[in-house]
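Per-entry structural report
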Amino acid sequence: MIISEPKSRADLDRSLEGAGRIFLVGCGACATACRSGGEEQVFETQEWLLETGRQVTGSVVIDEACHIPRAGRDLRLHRSGVEEADALLVLACGAGVQSISASTDKRVVGGLNSLFLGNIRRIGSYEEKCLLCGDCILNETAGICPVTTCGKGLLNGPCGGMEEGRCEVDREQDCAWHLIYERLRRQNRQGVFGRLVPPKQWSRRRKPGRHRLGKDRDGDVAPR
Amino acid sequence: MSRLADSLRTGDFVVTAEVAPPKGADPGRELDLAAAQTGVTAINVTDNQGANMRMSGMALAGLMVRRGVEPVLQLTCRDRNRIALQSDLLGAAALGVENLLLLSGDHARFGDHPDARPVFDLDSVQLLQAVRQLNAGSDMAGRPLSSAPRFFTGAAVAPATRPLELVYQKVVKKAEAGARFFQSQAVFDSDAVADFMTLVRPLGVPVILGVLLLKSASMARFLNRCIPGVRVPERLVELLDRAADPLAEGVAIARDMVGVAREHCQGVHLMLLGREDLMRQILF
């Protein structure tokens, strides 16, 4: 899930400068689960907009704001509210904001900061475990990602800053490499310690990103 | 061949020291300091140590070569991607730098530019391999160089860090990746040195032991609190606390560690933090 948090009201106020009529968009997926852009937050934001003397011309919570055709369709269903507005305020992750901005020439203001691809501990408590690097070595690291959870993203073992299994960058955190080492040992495997891992192929993290499932990176059809 | 490579090859006990580039555009003081340190085999030039921005170590190392002082250029993965690292390495070779100490580097958040984007495109193992490839005449992409450098490459080890078995895994990788010598983090515990050397000796890579001059008990406490991989035993902290002359006590501790190095290792890397005048006292 994409973890997001609301921008500050002061930030939003500045971004909405000159826009008196606002159409509000929420997202029914990640932003709802993060309590940053669901029905409830859309309602709260509407209250706040009214307090600041603005008008709200309408609102919609899109099932998955990142779904480009769905976002376009839902906006068309609310055409009048959208057309009356000076700006659309979107409570969704950066992907959601961009589905919306691709569907209208109106000014689009993002209301959230997207933080990371998150694992959920419980609502409100999230952990970043995957960086979407596109060159996964989890199978050799006992299912613990060093690219994400090592402070330096090292691939061949801990840095000199590891101490008693703690991370140099944050002593409250476990050293990813210590966790990897311990878990591999319990599995009686050498894993990533058995070879020199070459430099990461950052080219696999395609930028600009566009991806078609069913084709692997070399253009061959991947087995399904 | 560099003097350091030659000395390590013939089994001499080597002494290395350290100089940090200035935070400014005039390296005069640092060059004088380096040139004044007679009796050392080579002098490490640090690379934005502790993630604090300073003059390029490559520039200072090049100027040291001109003054007849042999540098060990430290190079970290923190600030450069693989293109910049290789490019700087070719530049260093052109300036006459032969010895390298290849490091991951302290995280940027500890330095004076905590908002900087730390790079870590490579890790220290991969950087060692990259240098080996440059030495062999091609870049990391496999493209030929018009002329190859001839670097003598070292890596860092931290003998006092625990768990030691995990540290050892990385040490093995560094040896496999082409580390021809190790320089260690400062160690104050002779047992830790002995244990470490028992593990590492079979790899056949000479170890130069890090010896740091403790100037006071508060400095020792600071190291324990803030410097990863450095552990001053409580016994020594108390000794410094009680000493009438803490600096003299620190010199005595450093002398002891030099003795440990003479017994187990192939050299010492002295970190005297401005008290280079005490070097002879510590060594002999």
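Rules and cut-offs
- Residues numbered from 1 in each chain as written.
- Chains lettered and ligands numbered in written order.
- Predicted model: local features only at pLDDT ≥ 70, side-chain atom pairs only at ≥ 80, totals over all residues.
- Heavy atoms only, no water.
- Phe/Tyr/Trp six-rings, centres within 6.5 Å; stacked < 30°, edge-to-face > 60°.
- Helix = DSSP H or I, 4+ residues; strand = E, 2+ residues; numbered from the N terminus.
- Buried < 20%, exposed > 50% of the residue type's maximum accessible area, 1.4 Å probe, protein only.
- Lys NZ or Arg CZ within 6 Å of the ring centre and 35° of its normal.
- Domains from an automatic or database assignment.
- Polar contact = N/O pair within 3.5 Å; in protein donor to acceptor, adjacent residues only side chain to side chain.
- Contact = heavy atoms within 4.5 Å.

Turning to the packing of aromatic side chains, a few remarks are in order. Within this structure, the stated rule accounts for three aromatic pairs over all chains. For the ring pair A:Trp177 and A:Phe193, a centre distance of 5.7 Å and an interplane angle of 70° mean the geometry is edge-to-face. Here A:Phe193 lies in the segment after helix H8 (176-186) and A:Trp177 lies in helix H8, a separation of 16 residues in the sequence. Exposure class is identical for A:Trp177 and A:Phe193. Each is buried. On the numbers, 5.2 Å between centres and 20° between planes, the contact of B:Phe152 with B:Phe181 is stacked. In this pair, B:Phe152 is assigned in strand E5 (residues 152-157) and B:Phe181 in strand E6 (residues 181-186), connecting sequence segments 29 residues apart. With respect to class, B:Phe152 is no different from B:Phe181; both count as buried. One aromatic cluster is present, formed by A:Trp177, A:Tyr181 and A:Phe193 through successive ring pairs. We note A:Lys200 situated over the ring of A:Trp202; from NZ or CZ to the ring centre the distance is 5.9 Å.

One can read the domain layout of chain A as domain 1 (2-116) and domain 2 (132-200). Taking only C-alpha atoms into account, the centre of domain 1 of chain A sits 39 Å from that of domain 2 of chain A.

The next thing to look at is the side chain of A:Lys200. Residue position: A:Lys200 is located in the segment after H8. A distance of 2.9 Å separates a polar side-chain atom of A:Lys200 from the backbone oxygen of A:Asp135. Those residues in contact with A:Lys200 that sit more than four places away from it in its chain are A:Cys133, A:Asp135, A:Val147, A:Leu155 and B:Arg82.

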